[in-house]
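# A look at the structure
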Amino acid sequence: MGFARACSVALVGVEGVVVEVQADLEPGVAAFTLVGLPDKSLVESRDRVRAAVVNSGAEWPQKKLTVGLSPASVPKSGSGFDLAVACAVLGAAERIDPAAIADVVMIGELGLDGRVRPVRGVLPAVLAAAEAGYRHVVVPEQTAGEAALVPGVSVLGVRSLRQLIAVLGDEPVPEEPAADRSRPDTMLAGLMVPGAGLGAGLAQLSADGTAHRPDLAEVAGQGRARKALEVAAAGGHHLLLSGPPGAGKTMLAERLTAILPPLSRRESLEVTAVHSVAGILPPGEPLISRAPYCAPHHSATMQSLVGGGNGLPRPGAVSLAHRGVLFLDEAPEFSGRALDALRQPLESGHVVVARAAGVVRLPARFLMILAANPCPCGRHTLAGAGCECPPSAVRRYQARLSGPLLDRVDLRVEVEPVGRADLMGSGGRGESSAEVATRVREARVRAAERLSGTPWTTNSEVPGHELRTRLMAAPGALMAAERDMERGVLTARGLDRVLRVAWTVADLRGAERPDASDIAVALELRTGIQRGVPAQAGAR
């Protein structure tokens, strides 16, 4: 009787569980049994592993073979267990030393010829292995850079099973032919979900072949909306842009990521882990360092926004926008159930999706931008534009954005139509994204210094109790906000959000704490009621 074990990782959402792959050989009729709650693609690994072992020059044991995946109660899916299953079988057959693979985590799919193919979710899998105390990981060569992002883990990237057998047996490592650089690498197909648009030439390229990055200087006019965008980026506040078609709402939203500061190391790992599981991690880019941007179509379902799918839930748009921007263009056209499903992640920064197959907690701390027209035809606020929508249709259209959802939006700005002087350039060129990003970065540094020693990093994350007790505004600064609350213009949540915006406005102008003018700016940005303050946030 022969026995050996290796380790792999089963992904549940964006978290991993270390799985022990056990192989047992007993005398009897040659058979291959795989147990441990595998899915269809994992059951098929029996044929892939057998062919890969034989084509790698090793002998397949002609005995009764049982492979168990422990813990057996955890659902296991995908083809990333192939490498661990093959090594466990070879260890049980004494082709390789069982002790050499007992504490090694192996992740990868096997081709019939023995090549090791990459799979999605390598980064969260290696993170789970490191947290469980494992220090040696074997992954496909194409994902070795992604796995090496985890500190304290020794990563071995291999091209084929025969190479791994040679390394484990202290034998000369055979040379494997490199991929043909004249055509796309077919091995990378396992890292991407079909339909994600990667590699389809959807990104606009400049003359030197690099991707075009939108700049705020390209937006004509819209001084108040630009300042609201700056406040949103500096404090992480949600924003509603409402106005007629063609005013520049989409242009403003697309340029928000350009003024956001780069992601920290921890944030980059979080975002990369989600994108790796979802299959939208760009090839050749193992670590995402800039804030992501996700703009689903208004026909998106609730499951595609918050996460779902067959079996265990998959990350949705709110998770793909984690630490970045979620832009909902034509927001009233989204279904009411889909929009109201955003309430929980807007408050908590994560989404809990419960299905029959299990409950998954997915990260979802994003900056939401809503864009909406004033009425179905879009001409309701334009003088002399000939809006023919009846008042009842206008009310129904605007009511599609529910009150509880709008109460969670900190900034609400009316985007005015662009005038001829601004559009033709005679009104002057606006600031570039680099100039605005500098002020945003300085404001974030001030907020981080003030919030050091707390679990919060931006003003939008600070609880209302802290704002009313420890981080207080200047004496008498809240008189206008208190009057609005007494009149019913502000809710208790709305008052807290006004305080958060006021702190961001104060950070942008370099003040120690908000005063009455900062509160007035925050109230105007939230309620849309003119307060007699300049358009520039925090200006005197």
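As a starting point, this report considers the structure included with it. (Residues numbered from 1 in each chain as written. Predicted model: local features only at pLDDT ≥ 70, side-chain atom pairs only at ≥ 80, totals over all residues. Heavy atoms only, no water.)

Helix and strand counts for the chain stand at 22 helices and 16 strands. Counting every position in the chain, which comprises 540 residues, the buried fraction comes to 49%. In the chain, 71% of the contacts between residues at least 6 apart in sequence involve partners at least 24 apart. (Helix = DSSP H or I, 4+ residues; strand = E, 2+ residues; numbered from the N terminus. Buried < 20%, exposed > 50% of the residue type's maximum accessible area, 1.4 Å probe, protein only. Contact = heavy atoms within 4.5 Å.)

Let us now look at the sheet that holds strand S15 (residues 367-372). Judged by pairing direction, the sheet is parallel, and its five strands sit side by side in the order S11-S12-S15-S10-S16 without closing on themselves. The two strands at the open ends of the sheet, each matched to only one other strand, are strand S11 (293-294) and strand S16 (411-414). Along the sheet, helix H8 (residues 223-235) contacts strand S10 (239-242), S15 and S16; its crossing angle with S16, the most-contacted strand, is approximately 165°. (Pairing = 2+ DSSP bridges. Axes fitted to C-alpha atoms, helices over the stretch in contact; angles between N-to-C directions.)

Counted residue by residue, helix H7 (residues 161-168) has six buried out of eight residues, so it is predominantly covered. For H7, the set of buried residues is Leu161, Gln163, Leu164, Ile165, Ala166 and Leu168. At the C-terminal side of H7, Asp170 shows a positive phi close to 55°.

A few words on the pattern of salt bridges. Evaluated as defined, the whole model comprises 30 salt bridges. Note that Glu230 is salt-bridged to Lys227, the shortest N-O span being 3.2 Å. Highlighted residues: Glu230 and Lys227, both in helix H8, separated by three residues, approximately one helical turn. On the basis of relative accessible area, Lys227 is assigned to the buried category, the value being 17%. A salt bridge links Arg266 to Glu270; the nearest nitrogen and oxygen atoms lie 2.8 Å apart. Of this pair, Arg266 and Glu270 both sit in helix H10 (residues 265-278), separated by four residues, roughly a single helical turn. Residue Glu270 is classed as partly exposed on the basis of its relative accessible area of 24%. Residues participating in the shared-partner salt-bridge network are Glu347, Asp407, Arg408, Asp410, Arg493, Arg497 and Arg526. (Salt bridge = Lys/Arg side-chain N within 4 Å of Asp/Glu carboxyl O.)

Moving on, we get to empty space enclosed by the protein. In the structure shown here, the tally under the stated rule is two cavities of 30 Å³ or more. Here the second largest cavity is characterised by a volume of approximately 30 Å³. Looking at the second largest cavity, the residues that line it are Arg450, Leu451, Asn459, Val462, Leu467, Leu471, Arg500 and Trp503. Across the lining of the second largest cavity, the residue classes tally to five nonpolar, one polar and two charged. (1 Å grid on protein atoms, 1.4 Å probe; cavity = no way out; pocket = protein on both sides within 12 Å on 5 of 7 lines; lining within 4 Å. Points joined across faces, edges and corners; volume = space filled by probe spheres on them. Nonpolar A, V, L, I, M, F, W, Y, C, P; charged D, E, K, R; others polar.)

Attention now moves to the pairing of strand S8 (residues 136-140). With four of five residues buried, S8 is to be regarded as a mostly interior element. With two bridges joining them, strand S5 (residues 105-106) and S8 adopt parallel strand pairing. Looking at S8, one finds that Met106 is bridged to Val138.

A few words now on the packing of helix H3 (residues 82-92) against H7. At a closest axis distance of 12 Å, the pairing of H3 and H7 adopts a crossing angle of 50°. Compared by their axis directions, H3 and H7 come out oblique. Taken as a pair, H3 and H7 cross one another with a handedness that is right-handed. Within the contact between the two elements, H3 uses Leu83, Ala86, Cys87 and Leu90 and H7 uses Leu161, Leu164, Ile165 and Leu168. (Parallel < 35°, antiparallel > 145°, perpendicular 65-115°, else oblique. Left-handed = near helix turned anticlockwise from the far one by under 90°.)

Attention now goes to the side chain of Glu176. With respect to the element layout, Glu176 can be found in the loop between H7 and H8. In this structure Glu176 comes out as buried when scored by relative accessible area, which is 14%. Among the polar contacts listed, one links the side chain of Glu176 to the side chain of Ser160, at a separation of 2.8 Å. Among all residues touching Glu176, those that are not within four sequence positions of it are Arg159, Ser160, Arg162 and Gln163. (Polar contact = N/O pair within 3.5 Å; in protein donor to acceptor, adjacent residues only side chain to side chain.)

Moving on, we come to the packing of aromatic side chains. Applying the stated rule across the entire model yields two aromatic pairs. Measuring from centroid to centroid gives 5.7 Å for Phe32 and Trp60, while their planes differ by 40°, and the two rings are tilted. Here the residue Phe32 occupies a position in strand S3 (residues 31-35), and Trp60 occupies one in the loop between helix H2 (45-55) and strand S4 (64-70), the gap between them amounting to 28 residues. Considered together, Phe32 and Trp60 belong to a single accessibility category, that of buried residues. Ring geometry for Tyr293 and Phe327: centres 6.5 Å apart, planes at 25°, overall stacked. (Phe/Tyr/Trp six-rings, centres within 6.5 Å; stacked < 30°, edge-to-face > 60°.)

To continue, consider the state of the cysteines. Going through the model one piece at a time under the given rule, you end up with zero disulfides. Its sulfur unpaired, Cys387 is 3.6 Å from the next cysteine sulfur, which belongs to Cys377. Here Cys387 falls in the partly exposed class, since its relative accessible area comes to 27%. (Disulfide = S-S within 2.5 Å.)

This part is about the environment of Gly419. Inspection of the secondary structure assignment puts Gly419 in the loop between S16 and helix H17 (420-423). A relative accessible area of 31% means that Gly419 is categorised as partly exposed. Sequence spacing of Gly419 and Gly221 is 198 residues, and the spatial spacing of their C-alpha atoms is 7.8 Å.

Turning next to a nonpolar patch on the surface. A cluster of nonpolar residues, Leu156, Val167 and Val173, forms a patch on the protein surface that exposes about 200 Å² of accessible area. By secondary structure assignment, the location of Val167 is in helix H7. On the accessibility criterion, Val167 (34% relative accessible area) is partly exposed. (Patch = residues over 30% accessible without salt bridge, like charges linked within 9 Å, V, L, I, M, F, W, Y side chains within 5 Å. Areas by Shrake-Rupley, 256 points an atom, 1.4 Å probe, with all protein chains shown as cover.)

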